[in-house]
Amino acid sequence: MAALLAVSGCSGGGEPAAQVPSPSPSGLVHYTPATGSAAPPASPPPTAPKECVQTAGMSVEQLTGYLKELRSTSGNYQTKGLTLDSSGLNFTPEDIKRPCEAVSVKLAHYWVEMKKTREADVISGARYEYSYTLIGIASHAAGPQDGRVPDTAPPGPSACRGTVSVTYLGEDLPLRALPYDLKLVDTTAPVPVEVDGDGVLSAIYVSPPHPDSC
């Protein structure tokens, strides 16, 4: 934009020089563009930088505590930013406390073999024995962007065999840490379960599709 100059005194013709309008209180000269010309595009308002948490130097205990407290963007009470569902690991943390870099977590899948030990009667339901077999353990990087981690979905259940999937940090879990009070339901939708262990972040159970036939 061309500079505006204020000239004092008289012009050569004896007429007073034109006075430049006084600046506005903000120090900027406001003007109206000429007819037919486009107004200058408005600058977008500045965006506040998103806060993130440095996790690279955290111990296993510190990272476990941080991920357990990390909330999701859903806004629902106590929803987690890192969860397990039927599609695997899902990472959707709130913006202000998301990690600055990807975090590495372990994911273990187990078969749950079920054997009926007592038929249901009018007083109580059927009883089952449970036995676990490890399918596999792998480390996966989640974040810092939102999304599902590929190749983390639990395997599909079969006739008398369900699955338990656990994501955790630290030492691998002994079989005795897995739940032995599973509920048998006529659905293969995953349900959250409790798994013992300080580093456990999330665990789900998928029931066999027809438990009554086991």
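Residues numbered from 1 in each chain as written. Predicted model: local features only at pLDDT ≥ 70, side-chain atom pairs only at ≥ 80, totals over all residues. Heavy atoms only, no water.

All of the buried residues along helix H1 (residues 60-69) are Leu 63, Thr 64, Tyr 66 and Leu 67. The buried residues of H1 occupy an angular sector of 165 degrees when the element is viewed end-on, so they sit on one face. For H1, the exposed residues lying more than 90 degrees away from the buried face are Glu 61 and Glu 69. Taken together, the buried residues of H1 touch strand S1 (52-53), strand S2 (82-85), strand S4 (98-99), strand S5 (103-118) and strand S10 (200-206). (Buried < 20%, exposed > 50% of the residue type's maximum accessible area, 1.4 Å probe, protein only. Helix = DSSP H or I, 4+ residues; strand = E, 2+ residues; numbered from the N terminus. Arc of directions from axis to C-beta. Contact = heavy atoms within 4.5 Å.)

Let's shift gears to the pattern of salt bridges. In total, this model carries seven salt bridges according to the counting rule given. Across the salt bridge formed by Glu 113 and Arg 161, the nearest N and O atoms sit 3.7 Å from each other. With a gap of 48 residues between them, Glu 113 in strand S5 and Arg 161 in strand S8 (residues 161-168) connect regions that are remote in the sequence. Overall, Arg 161 belongs to the partly exposed group, its relative accessible area being 26%. Across the pair Lys 116 and Glu 119 runs a salt bridge whose closest N-O atoms are separated by 3.3 Å. Residues joined in a network through salt bridges with shared partners are Asp 95, Arg 98 and Asp 146. (Salt bridge = Lys/Arg side-chain N within 4 Å of Asp/Glu carboxyl O.)

Spatial strand order, S6-S5-S8-S10-S9: five strands in an open sheet with antiparallel pairing. Edge positions in the sheet fall to strand S6 (127-142) and strand S9 (191-192), since each of these pairs with one other strand and no more. Pairing analysis gives eight bridges linking S5 to S8, with the strands arranged antiparallel. Each residue of the ladder has a partner; that of Tyr 110, found in S8, is Val 164. Against the sheet, H1 engages S5 and S10, with an angle of about 55 degrees to S10. (Pairing = 2+ DSSP bridges. Axes fitted to C-alpha atoms, helices over the stretch in contact; angles between N-to-C directions.)

Core analysis: the largest hydrophobic core is formed by 19 residues, its most contacted members being Val 166, Leu 182 and Val 195. Mapped onto this core, the elements with two or more residues apiece are S5, S6, S8 and S10. Among the elements that take part in this core, S5 stands out by supplying four residues, more than any other. Beyond its immediate chain neighbours, meaning those up to four positions away, Leu 182 contacts Val 112, Met 114, Tyr 130, Tyr 132, Val 193 and Tyr 205. (Core = buried A, V, L, I, M, F, W, Y, C linked by side-chain atoms within 4.5 Å.)

Our focus in this paragraph is the side chain of Thr 167. Locating Thr 167 in the fold gives a position in strand S8. Its relative accessible area of 0% is what places Thr 167 among the buried residues. A polar atom in the side chain of Thr 167 sits 3.0 Å from the backbone oxygen of Lys 106. Non-local contacts of Thr 167, meaning those with residues more than four positions away in its chain, are made with Leu 84, Leu 89, Val 105, Lys 106, Leu 107, Gly 199, Val 200, Leu 201 and Ser 202. (Polar contact = N/O pair within 3.5 Å; in protein donor to acceptor, adjacent residues only side chain to side chain.)

With respect to the secondary-structure elements, Leu 182 resides in the loop between S8 and S9. Since its relative accessible area comes to 7%, Leu 182 is described here as buried. For the pair Leu 182 and Val 112, spaced 70 residues apart in sequence, the C-alpha to C-alpha distance is 9.8 Å.

Let us now look at the state of the cysteines. The final tally for this structure, using the stated rule, is one disulfide. A sulfur-sulfur distance of 2.0 Å marks the disulfide that ties Cys 52 to Cys 100. Where Cys 52 bonds to Cys 100 through sulfur, the torsion about that S-S bond is close to 90 degrees, and the disulfide is right-handed. Taken together, the residues Cys 52 in strand S1 and Cys 100 in the loop between S4 and S5 connect sequence positions 48 residues apart. A relative accessible area of 41% places Cys 52 in the partly exposed class. (Disulfide = S-S within 2.5 Å.)

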